[in-house]
Amino acid sequence: MKVEFLNLKKVNQRYEDELIRACSDVVKSGYFIDGEQVHAFEQEFAQFCGVRYCIGTGNGLDALSLVFRAWKEMGKLREGDEVIVPANTFIATVLAINANGLVPVMVEPDAATFNITAQTVVQAITTRTRVILPVHLYGQMAPMQELIELANAHNLLILEDSAQAHGAEIDAQPAGSWGHAAAFSFYPGKNLGALGDAGGVTTNDDELAALVSAMRNYGSSEKYHHQYAGVNSRLDEIQAAMLRVKLRYLKEETTQRRVIIERYLHTINNPLIKLPTAVIEEAHVWHLFVIQTEHRDALQSWLANHNIKTLIHYPIAIHKQPAFQHLKHLQLPVTEQLHKKILSLPLSAAMTSEEVDYVISCLNSFQP
Ligand SMILES: *Cc1c(COP(=O)(O)O)cnc(C)c1O
């Protein structure tokens, strides 16, 4: 048997007829940018997240970056301000901070949940701190109640990186509705994935929503009138139409992921493998299932020899990347250890139970 990490062809095949029909409707409509598909998706996704606004963008990186740009325009941020961010995130989170002349302050995650905690964040707060940027890593929400308390006590903004957490919730309140703003990615491999690049910002703030909306469209809210020096990062009609189809199945797909995860959590019993911790099981949407082992490379080869594809999210810590030479002096032992031990198992809503059984049996028979 051969098990792929994530077979996007199989995932999207399930909706093929609907996707093709939605695409064809856009072709026939003659509207490709800023039309009714984008407006409808923005409304539907805002409702899904329990917020007033969703503003579509070209991708998740731009969604993060546009929030910072808008906050600078609103006078809430200035160049050189510090943004507290987990050290073990995808590079986009830190690139968005950097691109806006802000300073990333990297904090260690909790090694069991992979997320930052109020304890690690509070130690990093200085007089220059303006923003906390929690990442709901691998589909599990950061401890938002505690982080919001901290933010309120220190008068800080919160931007949620929700790129991996569509539909995750704490106390029935969804990811993307906790912070002052949130950024989502709809990259094809995300839990809600387009058939190309796409992203979005969610917020309840009228002024921020209007600014991001203008900023993504050349700084203009009225054609050929440019109030800001904006960018071009719009969600297009075809991707919005694809996302509207996929959004209708997101809850069902999350349930299917959870069924697989139940099996992973309860039948992987190799003592060399540490399973991930779900703080609240029903709140986790399992974008990735990430195990830890001292024998990571040997396990990955063992699985590869059994035709099981795994990935590492992420193999190199951000402060060890050539692009961030100026961060290389940082000492982040928890993060560095994690990057050596983590391994992401195959996971998608389209995975068969035979595939899940096979992965589990190969994991349980592993010996270094
Ligand atoms: C995917 C991702 C992004 C960036 O999204 P893109 O759409 O690829 O630009 C940002 N943050 C995290 C945590 C991500 O996983």
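Throughout what follows, the structure given in this document is the object of discussion. All of these numbers come straight from a predicted model, not from anything done at the bench. (Residues numbered from 1 in each chain as written. Predicted model: local features only at pLDDT ≥ 70, side-chain atom pairs only at ≥ 80, totals over all residues. Heavy atoms only, no water.)

### Here's the deal with the pattern of salt bridges
Right, on to step 1. Applying the stated rule across the entire model yields 12 salt bridges.
Right, on to step 2. Linking Lys341 and Glu294 is a salt bridge whose minimum nitrogen-to-oxygen distance equals 3.6 Å. One end of the pair, Lys341, is in helix H12 (residues 333-341); the other, Glu294, is in the loop between strand E10 (289-292) and helix H11 (296-305), with 47 residues separating them in the sequence.
Right, on to step 3. Overall, the relative accessible area of 61% leaves Glu294 in the exposed class. (Salt bridge = Lys/Arg side-chain N within 4 Å of Asp/Glu carboxyl O. Helix = DSSP H or I, 4+ residues; strand = E, 2+ residues; numbered from the N terminus. Buried < 20%, exposed > 50% of the residue type's maximum accessible area, 1.4 Å probe, protein only.)

### Quick notes on empty space enclosed by the protein
Right, on to step 1. Counted under the stated rule, the structure contains 3 cavities of 30 Å³ or more.
Right, on to step 2. One number sums up the size of the largest cavity: a volume of about 80 Å³.
Right, on to step 3. Class assignment for the residues of the lining of the largest cavity results in 5 nonpolar, 3 polar and 4 charged.
Right, on to step 4. No fewer than three residues from each of domain 1 (8-244) and domain 2 (250-365) sit in the lining of the largest cavity. (1 Å grid on protein atoms, 1.4 Å probe; cavity = no way out; pocket = protein on both sides within 12 Å on 5 of 7 lines; lining within 4 Å. Points joined across faces, edges and corners; volume = space filled by probe spheres on them. Nonpolar A, V, L, I, M, F, W, Y, C, P; charged D, E, K, R; others polar. Domains from an automatic or database assignment.)

### A short note on the site of the ligand
Right, on to step 1. The full set close to the ligand counts 13 residues, and Gly60, Asp161, Gln164, Ser185 and Lys190 are the nearest of them.
Right, on to step 2. Between an oxygen atom of the ligand and a side-chain N or O atom of Lys190, the distance comes to 3.1 Å.
Right, on to step 3. Summarising the interface, the protein chains cover 91% of the accessible area of the ligand, which totals 380 Å² for the free molecule.
Right, on to step 4. Judged by its atoms lying within 2 Å of the grid points, the ligand is housed in the largest pocket.
Right, on to step 5. At the level of secondary structure, the elements contributing two or more residues to the shell around the ligand comprise helix H4 (60-73) and helix H5 (91-99).
Right, on to step 6. Among the residues making up the shell around the ligand, the classes are represented as 5 nonpolar, 6 polar and 2 charged. (Near = heavy atom within 4 Å. Polar contact = N/O pair within 3.5 Å; in protein donor to acceptor, adjacent residues only side chain to side chain. Areas by Shrake-Rupley, 256 points an atom, 1.4 Å probe, with all protein chains shown as cover. Sits in = over half its atoms within 2 Å of the grid points.)

### Quick word on the sheet that holds strand E5 (residues 157-161)
Right, on to step 1. With mixed pairing, 7 strands are arranged side by side in an open sheet as E1-E9-E8-E5-E4-E2-E3. Each edge of the sheet is formed by a strand with only one pairing partner; in this case those strands are strand E1 (53-57) and strand E3 (103-107). Within this sheet the neighbouring strands show an average axis-to-axis angle of 25°, counted without direction.
Right, on to step 2. Bridge analysis of strand E2 (residues 82-86) against E3 gives 5 bridges, and the strand direction is parallel. (Pairing = 2+ DSSP bridges. Axes fitted to C-alpha atoms, helices over the stretch in contact; angles between N-to-C directions.)

### Points about the nonpolar core
Right, on to step 1. Counting residues in hydrophobic clusters, the biggest one holds 70 residues, and the most contacted among them are Phe68, Trp71, Leu159, Tyr264, Phe289 and Leu363.
Right, on to step 2. For this core, the element with the most residues is H4, which contributes 7 residues.
Right, on to step 3. When residues of this core are assigned to domains, at least three fall in each of domain 1 (8-244) and domain 2 (250-365).
Right, on to step 4. With residues up to four places along the chain from it excluded, the contact list for Leu159 reads Leu64, Val67, Phe68, Trp71, Val131, Ile132, Leu133, Pro134, Ala181, Ala182 and Ala183.
Right, on to step 5. Among the nonpolar cores identified, the runner-up in size contains 23 residues, and Val107, Ala124, Ala151 and Ala175 belong to it. (Core = buried A, V, L, I, M, F, W, Y, C linked by side-chain atoms within 4.5 Å. Contact = heavy atoms within 4.5 Å.)

### A closer look at the packing of aromatic side chains
Right, on to step 1. Within this structure, the stated rule accounts for 13 aromatic pairs.
Right, on to step 2. Here the aromatic rings of Phe41 and Phe186 are separated by 5.4 Å at their centres, their planes lie at 85°, and the arrangement is edge-to-face. Pair noted here: Phe41 is in helix H3 (residues 36-49) and Phe186 is in the loop between strand E8 (181-185) and strand E9 (199-203), with a separation of 145 residues, a long-range link. An identical accessibility class is assigned to Phe41 and Phe186; each is buried.
Right, on to step 3. With relative accessibility at 0%, the residue Phe186 sits in the buried group.
Right, on to step 4. Taken together through their ring pairs, the aromatic side chains of Phe41, Phe45, Phe48, Phe184 and Phe186 make up a single cluster. (Phe/Tyr/Trp six-rings, centres within 6.5 Å; stacked < 30°, edge-to-face > 60°.)

### A closer look at the side chain of His287
Right, on to step 1. Residue placement: His287 occurs in the loop between helix H10 (250-267) and E10.
Right, on to step 2. A polar contact is formed between the side chain of His287 and the side chain of Asn191, at a distance of 2.8 Å.
Right, on to step 3. In contact with His287, not counting residues within four places along its chain, are Tyr138, Gly139, Gln164, Gly189, Lys190, Asn191, Arg257 and Leu347.

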